[in-house]
Structure formats: structure tokens, C-alpha cells
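# A structural walkthrough
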Amino acid sequence: MDKSSGLDFINQMFPVEASLSCVESFMQKICDEIRRVDATILAVVSQQGNSGTRAKENLNDAICAAEELSHKIQEIKSKAEQTEAMVQDICSDIKKLDFAKKNITTAVTALSRLTMLVSAVQQLQVMTSKRQYKEAATQLEAINELCNHFKAYMDLPKIMELREKLKNIKQILKFHVFSDFSSLGTGTETEELFLLKKLSDSCLVVDALEPSVREELINNFCSRELTSYEQIYVGAELKTLDEIELIYNQLSCLIRKNQGKWTIFPASWHVPYRLCIQLSRKTRVQVESILVNLKEKSDVEKLLLELKRTLEFERELEMKFGGGGSIGDDIIGGGGNNSQKVGFFNFRGMISSCFEPHLTIYIEKEEMELMQLLEKVVQEETWDIEEESQTNILSSSIQLFFTIKRSLKRCSALTKNQTLFNLFKVFQRVLNAYATKLFVKLPKGGTSIIAAATGMDGRIKVSEKDERMICYIVNTADYCHKTSGDLVEEVSTIIHPPYANGVDISEVQDAFSSVITSALVTLVHGLETKFDKEMADMTRVSWGIFKSVGDQSNK
């Protein structure tokens, strides 16, 4: 308290003189308070001194505890490292034991399989010597499976010895199979039946051998069959169309005779299918030789008859051997680098396509007949339409297109290649000729106002009958224009793709469009000619005397 405050306190405690009587008691009270405060201060100072000593002791205790904890951590870490080393030692021992177990198991398994392989090879050798093909096939498959387990041990002497022995056994098996096949067809009927059963079993062995063995066997068998087929025609001169039918009959007989023999082969080998492809190729060469060496000009009907027979024969082959799906990478023909890998083979056209270069006479005959028909229908055309007719087109056009479509159907049943394309060209020439005949039938005349403007003869006199005829020609040309387009679509759908781009009839359609234009102009010229007198009268009128003119005539 400052000085003024102390003075104020005294004045407050002793406001009047009479209150000074209490000074001693008040002083005593102040002294007591001072002593109490001193005692409190002394106690606090003493307590604080004791607290510092205790805090120092606590700090020393904490430091000791921390040192003890650090020591224990070091001990634990050391024990952990010792434990880790111990675990690693144990695991190392376990791994060694595990590797040892695996090696022992592998060795036992390998020895067991080696024992089985040695035994199987010995059994196969016995089966081979007895030509037990069915059993040998099963045994060989098992040996091949066992050999797959020894690919990593191929350099071991024992394995090399077994491989060499197995290779020799396979060679002997192959020799026995090929020898038995070579004896096919040389024994009695009973012997042949027994041999066919044995050969059927031998195919199982061939499947278990290398794929090259199967291909070699098939090629040898096919070559043998082809040789027997070729011997039929050794020294024969094939020079007439009648001999084509004979070839097909003999080939069909050969197929029927040997089809049972061909069934000894597994279906997956496709031997009959592949053999028939080669027979077809041989037959094509023979048929082509006949067509080339014909001494006399071919008769068209006879040529077409033989072509139809050829197509029938191809369909027969297709039904018997072409419905089994694709043969994938099977090889047709010889082996090695000259092998030909094919997919599904279509017998259609295999033989018949050789007729293609010789069908020119057929096209010439078709064109001659169509041109003769054109002349006939045009000559017989009345150039009028029956009253009950709903078409308003000339009957000659209907007959012509009917015959063209019939010709197209007949040709497409025989071929869809160059010959069909050549026939389409004939259709173009015939339709162009018909367009010309329609144009020639239009009335002709002198000159007129329209003629002077268009450069065409325009002074034409036409009767009502002529007018009807011109209208029918217009309708007919329009019908021909549209039907020609339909013909192109039909031919493009039928003909083989390489020729489809050349199927175009725009030139013919342009010709019929020109006929329509000329017919309409002729009709206009005819109508104009009817008004020649009136037009002449109009030129003699003195138009200057008229004050006004209108669109009504006084006459």
C-alpha cells in the first residue's frame, strides 16, 4: 500500500478520537497476524527445501530404472538374435531333408518308370515279332507316354540304349505293316478277310508311330490303287465321246468294288476321299484327252449329254465322299516338299471344267436358235394388242425373254464359268437386234417445224393404228429395258465371281431407251403432220387487221 492508502486505512480504523482507545488491541491483532504469516512463510520455505531433495532422489531413481530397462532390452535383442540363428539352423536342416526327400522320390519314380519302360519295350518287341498289331498299338502309346518323362535324361547311356532299341522296333513294325499292305489282294477270299482285319489293327500302330509313317502308307496305298486303275487304259485310244461314259462306269465299278476295302482305314485319315480326288484328277486327264483328240466335229447334243453325265458323276462323288467336312492339313499326293495341303475339296467342276474350252459350238448353236426365234416372232408379230390383254406390250418381247431365261437356266445347270458369260454376250446381241427391229418398225417421213428444231425427219403421216403401234413399241421397249436389268441381276447372282464384274447390259438398255425416244418423237411428228393444213391457213391470215387476238377461233 502506498503512503496515502495507509493514511486512509488509519483514518478508516480510527475515524474519531474516541476510537483511539482500541489502538493497543488493534496492534496486538496486527502482531499476531505478522507472526502467523512469518510462520507460514517459514513452513513453506522448509517444505520447498524438502521437495528439491525428493525430486533429486526421484530423478536418480528414474535414471537407474532407465539404465536397467536398456540393459534388459539389450538382453532381449541378444536372445532374439540367438533365437533367429537357431531357427535358421533348424530351417536349413529341414530344407536339406526336404531336398533329400524330393530327390529320393524323383529317383524312386524315375527308377520305377525306367523299369516299366524296359519291361514295356521288351513286351513290344515280342508283340512285334508276332505281329500283334492291336496290342502293340496300345503298348506303343504307353511307351511314348513313358518316354516323355525321360526327355531330361536323353544323354544317359541306359536311356540312349533304350531309345535305339525302340527305334529299331518301330522300324520293324513299319516294315511288317507295309509288307502286309503290299500283300493285299493276292490271297483267297478267306485270307483277304483275315488280312483286312489285321490291316485295320495295323492302322492303330501307324497312328502311334510318327505322322510321316501314316502319310507314307496312305501315299503308297493310293499309288497302288491308281496304278491298277491306270492299267485299264494302257494302250487304249480314247477318241470318241461314247468312251467318256465308259470311263465313268468303270470308275464307279472300281469305287464300289474297293469301297469295303477302304474302310480298314480310320475315318480321320479320309483315305477314300483323298483317293477319289486323285482318281478324279486322272479321269479328268483322260476326258480332256478325248475332247482334244476328237477326229470329227462334236455333236452339240452328244457333247452336252456327256457333260451332264460328268456332272452327275461329280455329284455322286460329292454325296459319297464330300460330306465329311474339312480334312484340315491332310496331304493329297506325294509326301515331303511336294505335298499339297488342302482343306475341304469340292468335287464339282473337278472333271467337268475340262469341257469349258469345247463348249463354243454350244454357244454358237444357242445364238443361232435365238436369232432364228427373233426373226420368227418378229415376222409373226401383229403389232397390235388383243383387247383383253392387260400388259399393252408386244407378244414377241414376252416370247423372246421367255426363251432367253430358259436358255440361261439350261446353261447354268451345266456351267457357271466362261461359257455362261459367253451366253450372256449372246443375249446382249439378240436384245440389241430386237431393239433395232423395233426402231425399224417406226413410221418414217419428211420435214416439219419440229424436224427443223431436232434435226430429225418430222413430216410423218400416221393413222390411228400407227399411233397405237407406236404406243405399244414404247411400252415394249420400256418392258425390255426393265427386264434386261432383271436379267443382269439374275446372271450376276448365278455366275462365278470372277466373271460377275463383266456382266453389264447398259448398252442394251441404252438401245431400248433410244427406241422409246424415237417412238415418242415419231408420235409427236405424226400429230404435228395432222395439223399441216390448219398451220398453213394461219400463215395466210392478215394478222395486222386484227385489233386484238384471243385464244378462241371463230371457225
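An unreviewed UniProt entry lists the protein chain under the name Vps53 N-terminal domain-containing protein, with Arabidopsis thaliana as the source organism.

## Structural notes on the overall build of the protein chain
Along the backbone of the protein chain there are 17 helices and 2 strands. For the protein chain, the proportion of its 555 residues judged to be buried stands at 34%. Approximately 34400 Å² of the protein chain is accessible, and the part contributed by carbon and sulfur atoms is 57%.

## Let's talk about the environment of Leu523
Of note, Leu523 is situated in helix α16 (residues 506-530). Residue classification places Leu523 among the buried residues on the basis of a relative accessible area of 18%. Distance in space between the C-alpha atoms of Leu523 and Ile470 is 6.9 Å, their sequence separation being 53 residues. Here Leu523 is in contact with Glu467, Ile470 and Cys471, once residues within four sequence places are set aside.

## Thoughts on helix α11 (residues 395-412)
In this model α11 runs 26 Å from its N-terminal to its C-terminal C-alpha over 18 residues, within 8% of the 26 Å that 1.5 Å per residue would give. Buried residues along α11 sit against α10 (360-380), α12 (418-440) and α14 (464-494).

## Some remarks on the UniProt feature "coiled-coil region" (unreviewed entry) in the protein chain
UniProt feature "coiled-coil region" (unreviewed entry): in the numbering of this structure it lies at residues 59-86. Note that residues 59-86 is 100% helix and 0% strand, and that its end C-alpha atoms are spaced 41 Å apart.

## Considerations on the packing of α11 against α14
At a minimum axis distance of 11 Å, the contact between α11 and α14 shows a crossing angle of 5 degrees. For the element pair α11 / α14, the angle class is roughly parallel. Within the contact between the two elements, α11 uses Ser397, Ile398, Phe401, Ile404, Lys405, Leu408 and Ser412 and α14 uses Thr476, Tyr479, Cys480, Thr483, Ser484, Leu487, Glu490, Val491 and Ile494. Class assignment of the residues belonging to the contact of α11 with α14 gives a composition of 9 nonpolar, 5 polar and 2 charged.

## Looking at the packing of aromatic side chains
According to the stated counting rule, one finds 8 aromatic pairs in the structure shown. Pairing Phe181 with Phe265 gives two aromatic rings, centres 5.6 Å apart and planes at 20 degrees, and the pair type is stacked. Taken together, the positions of Phe181 in helix α4 (residues 157-182) and Phe265 in the loop between α7 (242-262) and α8 (271-292) put the pair 84 residues apart, joining distant regions of the chain. Comparing Phe181 with Phe265 shows no difference in burial state: the two are buried. Arranged with centres 4.8 Å apart and planes meeting at 65 degrees, the rings of Phe221 and Phe265 form a pair that is edge-to-face. Separated by 44 residues along the polypeptide, Phe221 in helix α6 (residues 211-230) and Phe265 in the loop between α7 and α8 bring together distant segments of the chain.

## What to know about the confidence of the model for the protein chain
A low pLDDT means the predicted coordinates there should not be read in detail. Mean pLDDT for the protein chain: 82, with 88% of residues reaching 70 or above. Confidence, read as mean pLDDT per element, is least for strand β1 (residues 331-332) in the protein chain (34) and greatest for α12 (95). Across residues 324-343, where pLDDT falls below 50, the model places 41 contacts with residues more than four positions away in sequence or in other chains. In the predicted structure, residues 446-456 sits below a pLDDT of 50 and forms 21 contacts with residues beyond four places in sequence or in another chain.

## Looking at the pattern of salt bridges
For the coordinates displayed, the defined rule picks out 19 salt bridges. The salt bridge partner of Glu216 is Lys174, with a shortest N-O separation of 2.9 Å. Taken together, the positions of Glu216 in helix α6 and Lys174 in helix α4 put the pair 42 residues apart, joining distant regions of the chain. Look at Lys174 and you get partly exposed, because its relative accessible area is 21%. The partner of Asp486 in a salt bridge is Lys482, with the nearest N and O atoms 3.4 Å apart. One end of the pair, Asp486, and the other, Lys482, are both in helix α14, 4 residues apart, so they sit about a helical turn from each other. Note on Asp486: relative accessible area 35%, which makes it partly exposed. Through salt bridges that share partners, Arg214, Glu215 and Arg274 make up one connected network.

Rules and cut-offs
- Residues numbered from 1 in each chain as written.
- Predicted model: local features only at pLDDT ≥ 70, side-chain atom pairs only at ≥ 80, totals over all residues.
- Heavy atoms only, no water.
- Helix = DSSP H or I, 4+ residues; strand = E, 2+ residues; numbered from the N terminus.
- Buried < 20%, exposed > 50% of the residue type's maximum accessible area, 1.4 Å probe, protein only.
- Areas by Shrake-Rupley, 256 points an atom, 1.4 Å probe, with all protein chains shown as cover.
- Contact = heavy atoms within 4.5 Å.
- Expected span 1.5 Å × (residues − 1).
- UniProt positions renumbered as here; feature names shortened; annotations may be inferred.
- Axes fitted to C-alpha atoms, helices over the stretch in contact; angles between N-to-C directions.
- Parallel < 35°, antiparallel > 145°, perpendicular 65-115°, else oblique.
- Nonpolar A, V, L, I, M, F, W, Y, C, P; charged D, E, K, R; others polar.
- Phe/Tyr/Trp six-rings, centres within 6.5 Å; stacked < 30°, edge-to-face > 60°.
- pLDDT = per-residue confidence, 0-100.
- Salt bridge = Lys/Arg side-chain N within 4 Å of Asp/Glu carboxyl O.

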